[in-house]
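Geometric and topological summary
The residues making up each chain are set out below.
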Amino acid sequence: MSVKSNDGRIAYLDVIRAASMILVVYCHYVLLDAGSFAGNVIMTCAWVGVPCFMMVSGALMHRSEMFVWKKYLFKILTAYLVLAAWKVIYLLVYVGLGTLPGSVWQIIQYVFFFGSIDGINTGVMWYMTAYLIVLLIYPVTHFLFRKAGKAGKILVLFLMILTFASGIFLFSLGWVCRTISIKTGIAIFDISGLAAAFPFTNYACMIFYFLAGAFLLEYRDRILGKKALLRWISAAAFVIGVAGLLMVKYADASVWTWAGIYIADGYRHISTLIASIGFYVFLSLFEYKGFFLFLGRTVGSSTLGIYYMHYIVLAVCSRLLYPRLPEYFFGMNLLKTLLAAAFCAVITYLIGKIPIVSKLVK
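Residues numbered from 1 in each chain as written. Predicted model: local features only at pLDDT ≥ 70, side-chain atom pairs only at ≥ 80, totals over all residues. Heavy atoms only, no water.

Let's talk about unusual backbone geometry
Note the following rule: For helices the rule is a DSSP run of H or I covering at least 4 residues; for strands it is a run of E covering at least 2, with both sets numbered from the N terminus onward.
Not every positive phi belongs to a glycine, and Phe114 is a case in point at roughly 60°. For Phe114, the location among the structural elements is in the loop between α5 (104–112) and α6 (126–146). Despite not being glycine, Tyr203 has its phi angle at roughly 60°, a positive value. Looking at the secondary structure, you find Tyr203 in the loop between α7 (149–184) and α8 (204–218).

Right, dumping it as structure tokens:
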């Protein structure tokens, strides 16, 4: 089965990115009734979006046999400067909305050194910080994965185990211990502190997903013979993972509805891993054409621009439009998602046609 569209892109990866991007837009600046159960389910599903982005990046970057230092250094410098440029854009928009920018030194810290300014919401940019971290280790993982044979892949697998242990497993086990202790009143050791003894303590879970993407693409063709079975297994994994996250939220907040509550450290729960792998594998098992291929080419190939842009667009809407809405409900948040994603995709396409400026969205 061919996985590429006519222009040489891997179609299913574009579809995964498109679906993930829609979920990400859905969960920002939400227009949900606090009592919505359906909204809470979709908000919980949205936790798979960022891990899937990282897996797609890992798949594509480890797919190439060649590694060129000049190209790599340009890529990492561009990613950093684009992040800085978008922080300036956010600053200007918020100043236009009446936010005071602070001193010159605060602005420099904010733009170039991962600082923050009160009143400017750049929370979505944490992903680009994580992306810069995986870029820093990429020369090592690429060499091991592509140039060091079987032994190299085993070492990459070992790195995956380390990042899984420190970023996901120990956190999840610690959460279980804390929850049991709170619910029963019985003191239980919190072993999550053991993660401090591991490397890659910052964004370890994102490094895990980055490396997992490399393996999922590398060995995809070997398992396609069991495609029908894998569809059931991956769909079940997604459902089980989402159900696990719903139970995590209930254990933490005693609610099954949205209630305006995000799951704390959602990306580090093992249920997120199960749901994300299930979602990614399920969507990778189909041959796309028609509408889905179009969706992948338009939204899936514009995710960087949409990711940066949708958050500031919705921030403006939350100030100027949201207060005028009579009520919030599930359908309204869905409509917001589709309109924001479509608008940002169009603007991304137009900006992509402008030399140099196109780097902001590609």
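Don't stop here, the text continues.
Notes on the packing of helix α2 (residues 37–45) against helix α10 (residues 227–253)
The following threshold applies: Axis definition: a line fitted to C-alpha atoms, limited for helices to the stretch in contact. Angles are taken between N-to-C directions and run from 0 to 180 degrees. Oblique is the label for any angle not under 35 degrees, not over 145, and not in the 65 to 115 range, which are roughly parallel, roughly antiparallel and roughly perpendicular in turn. Crossings are sorted by hand: turned counterclockwise from the far helix by less than a right angle, the near helix makes the crossing left-handed, and turned clockwise it makes it right-handed. Should any heavy atoms of two residues lie within 4.5 Å, those residues are considered in contact. Ten residues, namely Ala, Val, Leu, Ile, Met, Phe, Trp, Tyr, Cys and Pro, are considered nonpolar, four, namely Asp, Glu, Lys and Arg, are considered charged, and the remaining ones, Gly among them, are considered polar.
α10 packs onto α2 with a crossing angle of 115° between their chain directions and a minimal axis gap of 9 Å. Viewed along their axes, α2 and α10 adopt a mutual orientation that is roughly perpendicular. Crossing geometry of α2 relative to α10 is assigned as right-handed. Two secondary-structure elements touch here, α2 through Asn40, Val41, Thr44 and Cys45 and α10 through Phe238, Val242, Leu245, Leu246 and Lys249. When the residues that make up the contact of α2 with α10 are grouped by side-chain class, the tally is six nonpolar, two polar and one charged.

Concerning the pattern of salt bridges
Worth spelling out the cut-off: By convention in these notes, a salt bridge is any Lys or Arg side-chain nitrogen within 4 Å of a carboxyl oxygen on Asp or Glu. A 1.4 Å probe rolled over the protein chains alone gives each residue an accessible area, and that area as a share of the maximum for its type sets the label: buried under 20%, exposed over 50%, partly exposed in between.
Throughout the structure, instances matching the rule amount to six salt bridges. A salt bridge links Asp14 to Arg9, with the nearest nitrogen and oxygen atoms 2.6 Å apart. Among the residues examined, Arg9 registers a relative accessible area of 29% and is labelled partly exposed. Between Asp14 and Arg17 there is a salt bridge, and its shortest N-O distance comes to 3.1 Å. Linking Asp14 with Arg17, this pair stays in helix α1 (residues 11–26), spanning three residues, or about one helical turn. Taken individually, Asp14 and Arg17 each receive the classification buried, so the pair is uniform in this respect.

A word on the packing of aromatic side chains
Aromatic ring pairs are reported here in terms of the distance separating the ring centres and the angle at which the planes meet. Quick note on the threshold: Here a Phe, Tyr or Trp ring, Trp counted by its six-membered ring, pairs with any other such ring whose centre lies within 6.5 Å, and the pair is stacked when the planes are under 30 degrees apart, edge-to-face when over 60, and tilted otherwise.
Per the counting criterion, the structure on display carries 30 aromatic pairs. Considering the side-chain rings of Phe282 and Phe286, the 5.1 Å spacing of their centres and the 65° angle between planes classify their relative orientation as edge-to-face. The exposure class assigned to Phe286 is partly exposed, which follows from its relative accessible area of 26%. A centroid spacing of 5.5 Å and a plane angle of 70° characterise the contact between Phe291 and Phe292, whose relative ring orientation is edge-to-face.

Comments concerning the state of the cysteines
Note the following rule: The rule for a disulfide is simple: a pair of cysteine sulfur atoms within 2.5 Å.
Scanning the entire structure with this criterion turns up zero disulfides. The thiol sulfur of Cys45 is not disulfide-bonded, and the nearest other cysteine sulfur, from Cys27, lies at 11 Å. Cys317 takes part in no disulfide bond, and the closest cysteine sulfur to it belongs to Cys344, at a distance of 9.1 Å. Its relative accessible area of 24% is what places Cys317 among the partly exposed residues.

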